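# Residue-level structural notes
Chain residues, written in single-letter form:
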Amino acid sequence: MNKKIKSLTAMLALAVTVSLTACSSDQANTASAAERPEIGVVLSEVGLGDQSYSDAAFRGLVKVRDEDGVLFDYREIEKTGTYDEAFKQLVEAKSDLIIGLGFMVKESLEKSAKENPDQQYLIVDDKSDLPNVASITFKEEEGSYLAGVVAGMTTKSNHVGFLGGVESDLLAKFQAGYEQGVKAANPQADVKTVYAGDFGAPDLGTKIAASMMKDDGVDVIYAAAGLTGVGALQEAQKEGKYAIGVDTDQFFIAEKAVITSMVKHIDNSILSVVRTFNENGGKFPQKDMVFGLKEEGVGVAPIRIIELTPEQQAQIDDLTQKLISGSVTIQLP
């Protein structure tokens, strides 16, 4: 992991420590812990410091703690060893709600849910047929479509790239939306797609991005690959190319390369859903909750570095409204 990534991760770790210290202080000045709902969270594979997915979800939990007085605890696979053990610990801690982040936790979450039918669970980015498992999913294809439109408008070579983490049904939504958005803006452009097979390997992301730019002529890369994608963003900056971030506004990672990011508002969605859970006596009125452009669950970060023409901005605005209304639809695999 390069020095910049280490530095950024260290800064986040410090922020988390301060946040959790504040939590302990708050408990002394508000209602007793016994009177407050408790949320347990199993973080995604990379855990805190991924600068996208887990960090965004963590911010949502900090918000619901600060605004609603909810207590929360979390587990990282780096410390528990397995997802099974992480869920076991949160059940033993008597959490009112246990949240699993990402499709990769589904098997262990469902195993725990079957063993504890009276325990309420929530999975993010997947669905379950089990009665005690609710879900949050996103229309990533909509935000990725808009990211593709920007890429199609930006490319000079007519070669753009998509770097995915682990090949899956979820990442296929990112890819499909991006490809169709590129074509909507620039029918002459083609999309080179590579899956890294890993969300936590920035050096691998650097290597793949370098190859895509050198061998395939790619001048805009959309990296939907967690910490692996961070390496790609920084390599694009090194080579004087453009990049598009994911999940959060990743402009700060490579400020000379990142023109926008496909933003999943995981923080606000978790805040909303946990609040609904608490207001309804520890139950979800709706089992499966979906957040798209219309629900402000996805979108794109401000466009920087490049300047769009008034006509290009008008096209983006028009396509956004058409996605919301359903007059433009995205074909999924």
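Since the model is a prediction, treat every value here as computed from it, not as a measurement.

The helix and strand inventory of the chain stands at 11 helices and 12 strands. Considering only intrachain contacts with a sequence separation of at least 6, the fraction spanning at least 24 residues in the chain is 67%. Just so you have it, the chain exposes about 14,600 Å², and 50% of that area is on carbon and sulfur atoms.

The next point concerns the environment of Val 160. Residue position: Val 160 is located in strand S6 (residues 159-164). Judged by relative accessible area, which is 0%, Val 160 ranks as buried. Residues Val 160 and Ala 189, spaced 29 residues apart in sequence, show a C-alpha to C-alpha distance of 7.2 Å. Among all residues touching Val 160, those that are not within four sequence positions of it are Ala 151, Thr 155, Tyr 178, Val 182, Asp 190, Val 191, Lys 192, Val 218, Asp 219 and Val 220.

Take the sheet that holds strand S3 (residues 97-101) next. With parallel pairing, the six strands of this open sheet are ordered in space as S2-S1-S3-S4-S5-S11. Pairing within the sheet leaves two strands with one partner each, and these edge strands are strand S2 (71-75) and strand S11 (288-291). Taking the axes of each pair of neighbouring strands and ignoring which way they run, one obtains an average angle of 20° across the sheet. Pairing between S3 and strand S4 (residues 120-124): five bridges, direction parallel. The residue bridging Ile 99 from the neighbouring strand is Leu 122, located in S4. Each of strand S1 (38-42), S2, S3 and S4 is contacted by helix H2 (residues 53-68), which is oriented at about 160° to S2, the strand it contacts most.

So, about the packing of helix H6 (residues 140-154) against helix H11 (residues 310-325). Put simply, H6 and H11 touch, their axes get as near as 11 Å, and they point 160° apart. With respect to each other, H6 and H11 are oriented roughly antiparallel. As H6 runs across H11, the sense of the crossing is right-handed. Here Glu 142, Tyr 145, Leu 146, Val 149, Val 150 and Met 153 of H6 come into contact with H11, specifically with Gln 312, Gln 315, Ile 316, Leu 319, Thr 320 and Leu 323. Taken together, the residues of the contact of H6 with H11 break down into eight nonpolar, three polar and one charged.

The subject of this paragraph is the pattern of salt bridges. Counted according to the given criterion, the structure contains 13 salt bridges. A salt bridge links Glu 67 to Arg 275; the nearest nitrogen and oxygen atoms lie 3.0 Å apart. Of this pair, Glu 67 sits in helix H2 while Arg 275 sits in helix H10 (residues 266-279), and the two are 208 residues apart along the sequence. The exposure class of Glu 67 is exposed, given its relative accessible area of 51%. Here the residues in one salt-bridge network are Asp 125, Glu 140, Lys 173 and Lys 264, joined through shared partners.

This part covers the environment of Lys 106. By the element assignment, Lys 106 lies in helix H5 (residues 106-115). Residues Lys 106 and Val 124, 18 residues apart in the sequence, show an inter-C-alpha distance of 9.2 Å. Beyond its immediate chain neighbours, meaning those up to four positions away, Lys 106 contacts Ile 123, Asp 126 and Lys 127.

Moving on, we get to the side chain of Ser 128. Looking at the element boundaries, Ser 128 is found in the loop between S4 and strand S5 (133-138). A relative accessible area of 5% means that Ser 128 is categorised as buried. Among the polar contacts made by the side chain of Ser 128, one reaches the side chain of Glu 110 at a distance of 2.6 Å. With residues up to four places along the chain from it excluded, the contact list for Ser 128 reads Glu 110, Val 133 and Lys 287.

Right, let's get into H10. With 14 residues, H10 extends 20 Å from end C-alpha to end C-alpha; this agrees with the ideal 20 Å at 1.5 Å per step. Three or more residues of H10 are buried, namely Ile 266, Asp 267, Ser 269, Ile 270, Leu 271, Val 273, Val 274 and Phe 277. Of the residues trailing H10, Gly 281 is marked for its positive phi of about 65°.

Taken together, the six strands give an open sheet; going across it, the order is S7-S6-S8-S9-S10-S12, and neighbouring strands pair in mixed fashion. The open sheet has two edge strands with one neighbour each: strand S7 (190-195) and strand S12 (298-300). Going from strand to strand, the sheet's axes swing by 15° on average, the running direction of each strand aside. Judged from the three bridges that link them, strand S10 (residues 258-264) and S12 form a sheet pairing that is antiparallel. In the sheet register, Lys 264 faces S12, and the bridge partner there is Val 298. Against the sheet, helix H8 (residues 202-216) engages S6, S7 and strand S8 (220-224), with an angle of about 160° to S6.

Rules used in this analysis
Residues numbered from 1 in each chain as written. Predicted model: local features only at pLDDT ≥ 70, side-chain atom pairs only at ≥ 80, totals over all residues. Heavy atoms only, no water. Helix = DSSP H or I, 4+ residues; strand = E, 2+ residues; numbered from the N terminus. Contact = heavy atoms within 4.5 Å. Areas by Shrake-Rupley, 256 points an atom, 1.4 Å probe, with all protein chains shown as cover. Buried < 20%, exposed > 50% of the residue type's maximum accessible area, 1.4 Å probe, protein only. Pairing = 2+ DSSP bridges. Axes fitted to C-alpha atoms, helices over the stretch in contact; angles between N-to-C directions. Parallel < 35°, antiparallel > 145°, perpendicular 65-115°, else oblique. Left-handed = near helix turned anticlockwise from the far one by under 90°. Nonpolar A, V, L, I, M, F, W, Y, C, P; charged D, E, K, R; others polar. Salt bridge = Lys/Arg side-chain N within 4 Å of Asp/Glu carboxyl O. Polar contact = N/O pair within 3.5 Å; in protein donor to acceptor, adjacent residues only side chain to side chain. Expected span 1.5 Å × (residues − 1).

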